[in-house]
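Architecture at a glance
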4 protein chains.
Amino acid sequence: MDRAVLEDLAAASRILVDQGVFDAAGHVSMRHPERADRFLMSRSLAPELVNADDIMEFTLDCDPQDDRKPFIERFLHGGIYKKRSDVMAIAHGHSAAVIPFSLVNTPMRATYHNAAFLAAGVPVFDIRDRFGSTDIVISSAEKGAALADALADKQVLLLRAHGFVAVAPTLQSAVFRAIFTEVSARVQLQAAMLGGQMAALDEEEGRKADAVNLATVGRSWELWKKRVM
Amino acid sequence: MDRAVLEDLAAASRILVDQGVFDAAGHVSMRHPERADRFLMSRSLAPELVNADDIMEFTLDCDPQDDRKPFIERFLHGGIYKKRSDVMAIAHGHSAAVIPFSLVNTPMRATYHNAAFLAAGVPVFDIRDRFGSTDIVISSAEKGAALADALADKQVLLLRAHGFVAVAPTLQSAVFRAIFTEVSARVQLQAAMLGGQMAALDEEEGRKADAVNLATVGRSWELWKKRVM
Amino acid sequence: MDRAVLEDLAAASRILVDQGVFDAAGHVSMRHPERADRFLMSRSLAPELVNADDIMEFTLDCDPQDDRKPFIERFLHGGIYKKRSDVMAIAHGHSAAVIPFSLVNTPMRATYHNAAFLAAGVPVFDIRDRFGSTDIVISSAEKGAALADALADKQVLLLRAHGFVAVAPTLQSAVFRAIFTEVSARVQLQAAMLGGQMAALDEEEGRKADAVNLATVGRSWELWKKRVM
Amino acid sequence: MDRAVLEDLAAASRILVDQGVFDAAGHVSMRHPERADRFLMSRSLAPELVNADDIMEFTLDCDPQDDRKPFIERFLHGGIYKKRSDVMAIAHGHSAAVIPFSLVNTPMRATYHNAAFLAAGVPVFDIRDRFGSTDIVISSAEKGAALADALADKQVLLLRAHGFVAVAPTLQSAVFRAIFTEVSARVQLQAAMLGGQMAALDEEEGRKADAVNLATVGRSWELWKKRVM
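Each chain carries its own residue numbering, running from 1 in the direction its sequence is written. Chain labels run from A onward and ligand labels from 1 onward, assigned in the order the entries are written. Note on the predicted model: pLDDT of at least 70 is required for a residue's local features to be given, and 80 or more for side-chain atom pairs to be given and counted; whole-chain, interface and lining totals, by contrast, use all residues. By convention in this description, side-chain values take in all heavy atoms of the structure and omit both hydrogens and water.

Let us look at helix α6 (residues 171-194) of chain D. Residues and elements named next belong to chain D. Elements are defined by DSSP. Helices are runs of H or I of four residues or more, strands are runs of E of two residues or more, and each kind is numbered from the N terminus. Between the first and last residue of a helix there are one fewer steps than residues, each counted as 1.5 Å, and that sum is the expected span. Taking 1.5 Å per residue, 24 residues should reach 34 Å; α6 reaches 35 Å between its end C-alpha atoms and fits that length. For every residue, the accessible area obtained with a 1.4 Å probe (protein chains only) is divided by the maximum for its type, and the residue is called buried under 20%, exposed over 50%, and partly exposed between those limits. Most of α6 is tucked away: 21 of the 24 residues are buried. Immediately downstream of α6, the backbone of Gly-195 shows phi near 80°, a positive value.

Structure representation (structure tokens):
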């Protein structure tokens, strides 16, 4: 495989730390560029420390192709790649501004153009609904599949009392969406302080602005990557 | 043209990143110091990366004078320079504390002397009113003119679900106003947490304090510039 | 004693500064690994400056075993080690996000899996109840004992108008719990902005997720430690 | 004069920037250690840039003893030194967390032991009451005297739509009080998010805890100073 692919995936992990989306945990993956039935993801490691050599290859059933220690939550990734053939990359984190929306009844909104991908709606996955009281970890293919069901055709899913998942058609846009999920959450929390109705993007505005974002993500990506190389 | 002018404009861009007003996006422009029918603005580039060599020249119709790739949103700048002969510099960004005021019904206030320029009032431009559901981008002369109409004779305009524009009679004061639009938004959000009436600056206090700010902006500018050189 | 033990305890102190839990104050201690009737804690020093050579040894009555100047608040630590044989390490700080929960009637909740140890409940110790108006400092064995009574069998205790204590079965997990007490407090404050019921972890989820955290804390610890060495 | 005095006063200025209390503005002064009718304060300069050589000497009428450019707001300092013989140092800033309390009707409280000096009460000075609509600047002896009247015998005063003043019996404790005025404001804003009654320090607790703070401020000061040297 092209070494640059692995380096970009590792950079994505470090970018999400640098941008305040990941802390000592969080992981990002991408579908194998040449084999749609495989995906790539770091071995179990703090995201700030990930380098190209840490990337492992998995089947969509989450079987590792070498014997290093994988993340348990690879099932979250595998479940989505199996169900969503349009998804080429996935980020999963626990940023402090996003979790509140997984706990209360207020839906996330697309507060501005950078968060346009939220305008289609942001479902919440409550693991209790199908699995009762658990340790919250997406630790099996069954749980991964249930989570993928809850995501449906959306771009972002909240996990109750846990975190969020952002998916996208490219690695760069998965990183972009993870970052602006977090930023938009902060904007919405602050708008909630002011109270009253919120004139967020409607679905059509969201679709149109998202197309611009997908086309121009490279400009942000170059900057973010430069900061972590 | 004096090279120092280009260097100051580029520094303004980096200052607004360093001060937390711009992120991977945002742009600042100035009217050409010798030709009132031209303005200067960076080519399409993350604001943190802008240097003097990246500055392009545009007519007020936003026609670039060389063949590098310009920002699409140059129309926001051109629209204002055309309508407001007093405006010599413009900053446009999407800071997280300001966007909430573009979404809800609470007007921005001048919470303290550094934000005095807000006391005259801060209108909100909703692009839907004249253009329906769009991608939110100020991507044409028509949209730029509509935005300039909404700004009217004020110093700051909010763009619904998008960001803000700050204008000023000098480059240094446009930077100052962009920074304190953001800070004042944070102060007002926090005052809203406490609730009750807010004893912000009235219009006369705003006019008087703004005159002091315009006269003393150099002291802040030197510090800000030092940090990004 | 193994020098590495002292170095880890000193690192714990600097980690809690680096992670924003301690400021110019705060202290962390551990039970002596070979003598259950002794504990280890820095001499009186800003936590950012603590090194292995600054660690002192104390009896559970808080008598120092050398003549350097100890923290007055060692009584907080001694009181807990005396009453809770399961506790092997303690962190005490005053982070700005946690203190609000010591002042008002809202109980802290376990907002996500990293804060699972909060699900069993977080009591508040009001020093006034037994000691009237004081200087707030846990400055005697009697006050330390009263605080340990209030902690009971929980993992975190809030001190009214003062700060918090986190206890754990290992040094690494005491650091983890101090960090995620702070993070979870921020999450809960933000959820409170949104209003309505909060679907925090229930007690059983908390027990299960906490077991995962205790088993995997080493991955975070290595990263945190790397940043302060 | 002892050079170390000037160096400490300059360090105080840089400390308050480093600790997030001052931005590009803010000033700290101290009474002359050998002449009670003089005070020392930087020439007009961003506080981050102040060095020992920038310190000027003033009479209590604010007449400079050399011909460099002084801060206009020296009258704030002079007014207090004239009226309060117990005050040996003064800090004045505009931190974003404090200003809200100058705008609304909620009094600042002493949210924890480090903010004990607030327990005696925090008055608000509204310049409009005696001077009508102004530019907000404390630009004359008359305004300085009015401000000192509003401060009365307290340790902190809020200036409506402007900022705060903290006074103390030593330079180190003036810095301490400026820092914890800001931190306590943040704590109180967050407590306000939770709602309900707030069990802040009462006056007697405040007096007792303040005595501890004044006695132990050196430990924090050494750390803060180390960071800016």
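Here the narrative resumes.
Moving on: the confidence of the model for chain A. Looking at chain A as a whole, the pLDDT averages 97, with 100% of positions reaching at least 70. Our summary of model confidence lists the complex with pTM equal to 0.97 and ipTM equal to 0.96. On a range of 0 to 100, pLDDT expresses the predictor's confidence in each residue.

In this description, contact between two residues means that some pair of their heavy atoms is separated by no more than 4.5 Å. For the non-touching pair chain B and chain C, the nearest C-alpha separation works out to 9 Å. You won't find any contact between chain A and chain D; their C-alpha atoms come no closer than 9 Å.

Below, the discussion takes up the relation of the copies chain A and chain B. The copies were overlaid by least squares, fitting only the C-alpha atoms of residues that reach a pLDDT of 70 or more in each copy. When chain A is fitted to chain B, the best match, at an RMSD of 0.0 Å, comes from turning it 90° and sliding it 0.0 Å along the axis. This pairing of chains is accounted for by a four-fold axis. Taking the C-alpha atom as reference, chain A places A:Met193 closest to the rotation axis, 4.4 Å from it. Here only 3% of the interface residues in chain A have copies in chain B that are interface residues too; the copies meet through unlike faces.

Another aspect to go through is the pairing of strand β6 (residues 156-159) of chain C. Residue and element names in this part refer to chain C. Going residue by residue along β6, you find Val-156 and Leu-158 tucked away on one face and Leu-157 and Leu-159 tucked away on the opposite face as well. Criterion used throughout: strands pair if DSSP finds at least two bridges between them. Pairing analysis gives four bridges linking β6 to strand β7 (residues 163-168), with the strands arranged antiparallel. Pairing of Leu-159 across the sheet is with Gly-163, part of β7. Hairpin connection from β6 to β7: three residues lie between these consecutive antiparallel strands, with Ala-161 at a positive phi of about 55°.

Our next topic: the interface of chain A and chain C. Where the parts come together, the accessible area they lose is often given as the size of the interface. Taken together, the contact between chain A and chain C spans 29 residues of the former and 29 residues of the latter. Across the chain A/chain C interface, buried area totals approximately 2,600 Å², and carbon plus sulfur atoms make up 64% of it. Put simply, a salt bridge is a Lys or Arg side-chain nitrogen that is within 4 Å of an Asp or Glu carboxyl oxygen. Our count for the chain A to chain C interface comes out at two salt bridges. A:Arg160 is the salt-bridge partner of C:Glu205, the closest N and O atoms lying 2.7 Å from each other. Pairing of N or O atoms within 3.5 Å defines a polar contact, subject to two protein rules: one partner must be a possible hydrogen donor and the other a possible acceptor, and residues neighboring in sequence count only if both atoms are side-chain atoms. Where chain A meets chain C, there are eight residue pairs in polar contact (both at pLDDT 80 or more). Of all the secondary structure elements, the ones that give two or more residues to the side of chain A that touches chain C are α3 (99-103) and α6 (171-194) of chain A. For the side of chain A that touches chain C, the element with the highest residue contribution is α3(A), accounting for four residues. Accessible surface is computed with a 1.4 Å probe, and the buried area is the amount of it that two parts give up when combined, taken over both parts together.

Let us look at the interface of chain A and chain B. Facing the 29 residues of chain A at the interface are 29 residues of chain B. Buried surface at the junction of chain A and chain B, summed over both partners, amounts to about 2,600 Å²; 64% is from carbon and sulfur atoms. Of all residues in chain A, A:Leu194, A:Arg219 and A:Leu223 give up the largest surface area on contact with chain B, accounting jointly for 25% of the area buried on that side. Linking chain A to chain B there are two salt bridges. Connecting chain A to chain B are eight residue pairs in polar contact (both at pLDDT 80 or more). At the level of secondary structure, the elements contributing two or more residues to the side of chain A that touches chain B comprise α6 and α7 (203-228) of chain A. For the side of chain A that touches chain B, a count of residues per class yields 14 nonpolar, seven polar and eight charged. When residues are grouped by polarity, Ala, Val, Leu, Ile, Met, Phe, Trp, Tyr, Cys and Pro land in nonpolar, Asp, Glu, Lys and Arg in charged, and all others, Gly among them, in polar.

What follows is about the pattern of salt bridges. Evaluated as defined, the whole model comprises 80 salt bridges over all chains. The salt bridge involving C:Arg160 is made with C:Asp126; its shortest N-O contact spans 3.3 Å. With C:Arg160 in the loop between β6 and β7 and C:Asp126 in the loop between β5 (124-125) and α4 (128-131), this residue pair connects regions lying 34 residues apart in the sequence. If you follow the salt bridges from partner to partner, you end up with A:Asp126, A:Arg128, A:Arg160 and C:Glu205 in one network.

Note on the identical chains: chain A maps onto chain C by a rotation of 90° and an axial translation of 0.0 Å, with an RMSD of 0.0 Å. Interface overlap between copies is the fraction of interface residues in one copy that are interface residues in the other; for chain A against chain C it is only 3%, indicating separate surfaces.

All names here are of chain B. Within strand β1 (residues 27-31), five of the five residues are buried, leaving the element largely enclosed by the surrounding structure. In this sheet, strand β2 (residues 38-42) lies alongside β1 in antiparallel orientation, the contact comprising three bridges. Each bridged residue has a counterpart across the sheet, and for Ser-29 the counterpart in β2 is Met-41. From the end of β1 to the start of β2, which pair antiparallel, there are six residues.

Before going further, it helps to spend a moment on the packing of aromatic side chains. Side-chain rings of Phe, Tyr and Trp, where Trp is taken by its six-membered ring, are said to pair if the distance between their centres is within 6.5 Å; with planes under 30 degrees apart they count as stacked, over 60 as edge-to-face, and otherwise as tilted. The final tally for this structure, using the stated rule, is 24 aromatic pairs over all chains. Considering the side-chain rings of B:Phe176 and B:Trp224, the 6.2 Å spacing of their centres and the 45° angle between planes classify their relative orientation as tilted. Here the residue B:Phe176 occupies a position in helix α6 (residues 171-194), and B:Trp224 occupies one in helix α7 (residues 203-228), the gap between them amounting to 48 residues. With relative accessibility at 6%, the residue B:Phe176 sits in the buried group. Seen from their ring centres, D:Tyr112 and D:Phe180 are 6.3 Å apart, and the 75° between their planes marks the pair as edge-to-face. With D:Tyr112 in the loop between α3 (99-103) and β5 (124-125) and D:Phe180 in helix α6, this residue pair connects regions lying 68 residues apart in the sequence. As far as the burial class goes, D:Tyr112 and D:Phe180 line up, both buried. A network of ring pairs unites the aromatic residues A:Tyr112, A:Phe176, A:Phe180 and A:Trp224 as a single cluster.

Residues and elements named next belong to chain A. Positive phi, close to 80°, is recorded for Ile-136, a residue that is not glycine. With respect to the secondary-structure elements, Ile-136 resides in the loop between α4 (128-131) and α5 (141-151). Look at Ala-152: it is not a glycine, yet its phi comes out positive at around 55°. Using a relative accessible area of 33% as the deciding quantity, one classes Ala-152 as partly exposed.

This part is about the sheet that holds strand β6 (residues 156-159) of chain A. Residues and elements named next belong to chain A. As summarised here, the arrangement of the seven strands in space is β3-β2-β1-β4-β7-β6-β5, forming an open sheet in which the pairing is mixed. Each of the sheet's edge strands pairs with one partner strand only, and the pair in question is β3 (55-59) and β5 (124-125). Each of β1 (27-31), β2 (38-42), β3 and β4 (89-93) is contacted by helix α1 (residues 3-18), which is oriented at about 150° to β1, the strand it contacts most. Here an angle of 0 to 180 degrees is reported between the N-to-C directions of two axes, which are lines fitted to C-alpha atoms, with helices fitted over the stretch in contact. With respect to the sheet, α6 is in contact with β1, β4, β6 and β7 (163-168), its orientation differing from that of β7 by roughly 145°.

This paragraph deals with the environment of B:Val212. Looking at where B:Val212 falls in the secondary structure, it is placed in helix α7. Relative accessible area serves as the criterion here: at 24%, B:Val212 is assigned to the partly exposed category. Taking the C-alpha atoms as reference, B:Val212 lies 11 Å from B:Phe117; in sequence the two are 95 residues apart. Residues contacting B:Val212, with those up to four places away along its chain left out, are D:Asp135 and D:Val137.

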